[in-house]
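Descriptive structure summary
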Amino acid sequence: MENKAKEKKSMSVVKKMLISLVGGLVVGIGFLFLREYLITSGGEDVWDIINRVLFQDITVKEGVNSIGIFYIVGQIFMRGLQLAIVPLVLVSLSLAMCSISSGSKLGRIAGRTVAGFLGFYVVGAFLASVVSYLVKSAGFFDVILPSEGVAEAATIDAFNPLAIIIDAVPSNITEAFSSNNSILAVVVVAIVMGLCINKLGEKAEALKTFLEAGDEVIQLYLTFLINKVGPPAIFCLIARTFAIYGIEYLAPASAYMVSAIVTLLILVVTVYPIGIYLTTGLNPIIFLKKVAKVGLFGFSTNSSAATLPLNTRTNLDELGCSEEITSFILPTGMTVNMNGTTVMHIFAVTFIATSAGIDVTPANLIVMSLLSICAAAGTPAIPIAGTTMIFTVLSGMGWTNEACLLGYALVVAINRPVEMALLPLNVIGSAATNVIVNAKENELNKEIYNS
């Protein structure tokens, strides 16, 4: 009953987001045509009043005498998401490291598990980078922004990607936590903290309990923000986007969604089966048939946590995995193995940066992949968390100007189908890693697997 209630609640949020998206499109396009009509018929003053009341950025010089209702609501939501970034990464990744570094047969099994997750991460990030770069190069992500937006985007400083290695180790922990632009440093601190907590055992139990309580607080905060503030904010963000910048956003946004979803679905039916065949020699078709329902369940619930019970039963009863290894890998994968999230991040950030007038290079994609893998590993197993973490990658790249935030707002609004498409990649990836580790440990029941 509780699971059904949660699913019903989740579906209600989806409906609210969909209504907000459609409503924002309708209202925004309506204001777009109204703006064009007023300007062409000599009613610039009327449009100026409407713009000042609803859409004007009140933080700039031109907005001193404005109200900017839609801008205020949208910014409250966006800043609320940004507020959770550092504590979200610190707490969730620290707890994930506690899980990775514990359990039976820690050394060998944990090493193979991490290697499996990392291998799938790298392959997924590489293929996503190639496809997103091709789509970007073909011009499908191009958007015509106002001249001031392009000028602002052009002021982003160039950087050497190798500097990321140095910046990842903070010299001042409070400085690292004081800015969303130092997320990679927060990731490093979280990993070190998690491993140390586990090593100290009972001595650090109080700190672990504190982090678990903090995780509950963060999840409650994000749930409230997304469920209650999200729908009206999405409406305001989308309406303002189209009212000010026009319909030219729709085509590249559609290109982002279609290219990301198609790539995710192709990866599900290629990367994991090939990985199982190359590492174990097992029939990959059998694996796909048996885990298909796990992928479909993950697609419908959009939650790795909700899919864990079904994934566990499938691995034990149908794939022949041992309970000892499965009880370690699948819960760890639920938190750490977010391969689909990395694929989505690369497409989303490439789209956002391109729409803001930034030329995304192959070197940028390499750094972006590193940041995304680190961010995805700390993404909570709840709906919409991956979309929230897009800003983590944007911050790590230094792409947080107004033009980028506008593209990010659009992605937040339309990203539900992409979020649903990436979940099968996550949950099936954990199952694939579990099968591979069980086979390497000679604990896979091949009779059950092949039955």
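Residues numbered from 1 in each chain as written. Predicted model: local features only at pLDDT ≥ 70, side-chain atom pairs only at ≥ 80, totals over all residues. Heavy atoms only, no water.

1. Some words on the overall build of the protein
Within the protein, the regular secondary structure consists of 20 helices and zero strands. Here the protein, with 451 residues, has 54% of them falling under the buried criterion. Once local pairs closer than 6 in sequence are excluded, the contacts in the protein between residues at least 24 apart make up 80%. As displayed, the protein has an accessible area near 19700 Å², and 68% of this comes from carbon and sulfur atoms. (Helix = DSSP H or I, 4+ residues; strand = E, 2+ residues; numbered from the N terminus. Buried < 20%, exposed > 50% of the residue type's maximum accessible area, 1.4 Å probe, protein only. Contact = heavy atoms within 4.5 Å. Areas by Shrake-Rupley, 256 points an atom, 1.4 Å probe, with all protein chains shown as cover.)

2. Overview of helix α14 (residues 339-355)
Spanning 17 residues, α14 covers 25 Å between terminal C-alpha atoms, matching the ideal 24 Å at 1.5 Å per step. Across the 17 residues that make up α14, a large majority, 17, are buried. (Expected span 1.5 Å × (residues − 1).)

3. Some remarks on the environment of L371
Here L371 lies in helix α15 (residues 362-377). Spatially, the C-alpha atoms of L371 and V187 are 9.4 Å apart, while their sequence positions differ by 184 residues.

4. Structural notes on the packing of α14 against helix α17 (residues 390-397)
Any two packed helices are characterised by how steeply their axes cross, that is the angle between the axes, and by the distance between the axes. Between α14 and α17, whose axes approach to 10 Å, the crossing angle comes to 55 degrees. The orientation of α14 with respect to α17, classified from their angle, is oblique. In this structure, the crossing between α14 and α17 has a hand that is right-handed. Taken together, the residues of α17 that come into contact with α14 (itself represented by M344, H345, A348, V349 and I352) are I390, V393 and L394. (Axes fitted to C-alpha atoms, helices over the stretch in contact; angles between N-to-C directions. Parallel < 35°, antiparallel > 145°, perpendicular 65-115°, else oblique. Left-handed = near helix turned anticlockwise from the far one by under 90°.)

5. A look at the nonpolar core
Of all hydrophobic cores here, the largest spans 97 residues; its most connected members are F77, Y256, F287, M368, I390, W399 and Y408. For F77, the contacting residues outside a window of four places in its chain are L225, I226, V229, G230, A233, I234, L237 and V412. (Core = buried A, V, L, I, M, F, W, Y, C linked by side-chain atoms within 4.5 Å.)

6. Considering the pattern of salt bridges
For the coordinates displayed, the defined rule picks out six salt bridges. The shortest N-O distance in the salt bridge between E441 and R112 comes to 2.6 Å. In this pair, E441 sits in the loop between α19 (416-440) and α20 (446-450) while R112 sits in helix α4 (residues 106-137), placing the two residues 329 residues apart along the sequence. Taking relative accessible area as the criterion, E441 reaches 11% and is therefore assigned buried. (Salt bridge = Lys/Arg side-chain N within 4 Å of Asp/Glu carboxyl O.)

7. Observations concerning the confidence of the model for the protein
Averaged over the protein, the pLDDT score is 78; the fraction of residues at 70 or greater is 81%. Taking the mean pLDDT of every element in the protein, the minimum, 41, falls on helix α5 (residues 147-154) and the maximum, 90, on α20. Note that pLDDT drops below 50 for residues 1-11; the model gives that stretch two contacts with residues more than four away or on any other chain. Taken as a whole, residues 145-161 scores under 50 in pLDDT and shows 24 contacts with residues more than four places along the chain or in a different chain. (pLDDT = per-residue confidence, 0-100.)

8. Here's the deal with a nonpolar patch on the surface
Nonpolar side chains collect at one region of the surface, where V123, F126, L127, V130 and L134 lie side by side and expose about 430 Å² of accessible area between them. Here V123 lies in helix α4. (Patch = residues over 30% accessible without salt bridge, like charges linked within 9 Å, V, L, I, M, F, W, Y side chains within 5 Å.)

9. Digging into the packing of α14 against α15
It is the contact of α14 with α15, at a shortest axis distance of 9 Å, that shows an interaxial angle of 135 degrees. It follows from the interaxial angle that α14 and α15 lie oblique. Between α14 and α15 lies a crossing whose hand is right-handed. For the pair α14 and α15, the contacting residues are T341, T342, H345, I346, V349 and T350 in the first and L365, M368, S369, S372, I373, A375 and A376 in the second. A breakdown of the residues in the contact of α14 with α15 according to their chemical character gives seven nonpolar, six polar and no charged. (Nonpolar A, V, L, I, M, F, W, Y, C, P; charged D, E, K, R; others polar.)

10. Thoughts on a negative patch on the surface
The grouping of E202, E205, E212 and E216 at the surface amounts to a negative patch. Examined against the element boundaries, E216 turns out to sit in helix α9 (residues 205-245). (Lys, Arg positive; Asp, Glu negative; His and termini not counted. Charge placed at Lys NZ, Arg CZ, Asp CG, Glu CD.)

11. Things to note about the environment of S451
By the secondary structure assignment, S451 is in the segment after α20. Note on S451: relative accessible area 65%, which makes it exposed. Residues S451 and G320, spaced 131 residues apart in sequence, show a C-alpha to C-alpha distance of 9.5 Å.

12. As for the packing of aromatic side chains
The description of two aromatic rings rests on the distance between their centres and on the angle between their planes. For the structure shown, the criterion picks out seven aromatic pairs. Between the aromatic rings of F31 and F55, the centroid separation amounts to 5.1 Å while the plane-to-plane angle is 85 degrees, which identifies the pairing as edge-to-face. With F31 in helix α1 (residues 2-40) and F55 in the loop between α2 (44-54) and α3 (69-100), the pair connects residues that are 24 residues apart, well separated along the chain. Since its relative accessible area comes to 17%, F31 is described here as buried. Their ring planes at 55 degrees and their centres at 5.8 Å tell us that F70 and F235 sit as a pair that is tilted. Here the residue F70 occupies a position in helix α3, and F235 occupies one in helix α9, the gap between them amounting to 165 residues. (Phe/Tyr/Trp six-rings, centres within 6.5 Å; stacked < 30°, edge-to-face > 60°.)

13. What about α2?
Within the sequence span of α2, burial applies to W47, I50, N51 and L54. Down the axis of α2, the buried side of the element spans an arc of 100 degrees, and every buried residue falls inside it. Among the exposed residues of α2, those pointing more than 90 degrees away from its buried face are D45 and I49. (Arc of directions from axis to C-beta.)

14. Section: unusual backbone geometry
Across the chain, the bulk of peptide bonds are trans and the bulk of non-glycine residues have phi less than zero. In this structure, N442 takes a positive phi of about 60 degrees despite not being glycine. Relative to the helices and strands, N442 resides in the loop between α19 and α20.

15. Quick notes on the environment of L319
For L319, the location among the structural elements is in the loop between α12 (304-317) and α13 (323-336). In the structure, L319 is positioned 126 residues away from N445 in sequence and 7.7 Å away in space, judged by C-alpha atoms. With residues near it in sequence (within four places) discarded, L319 still touches F287, K290, V291, T314, V435, L444, N445, I448 and Y449.

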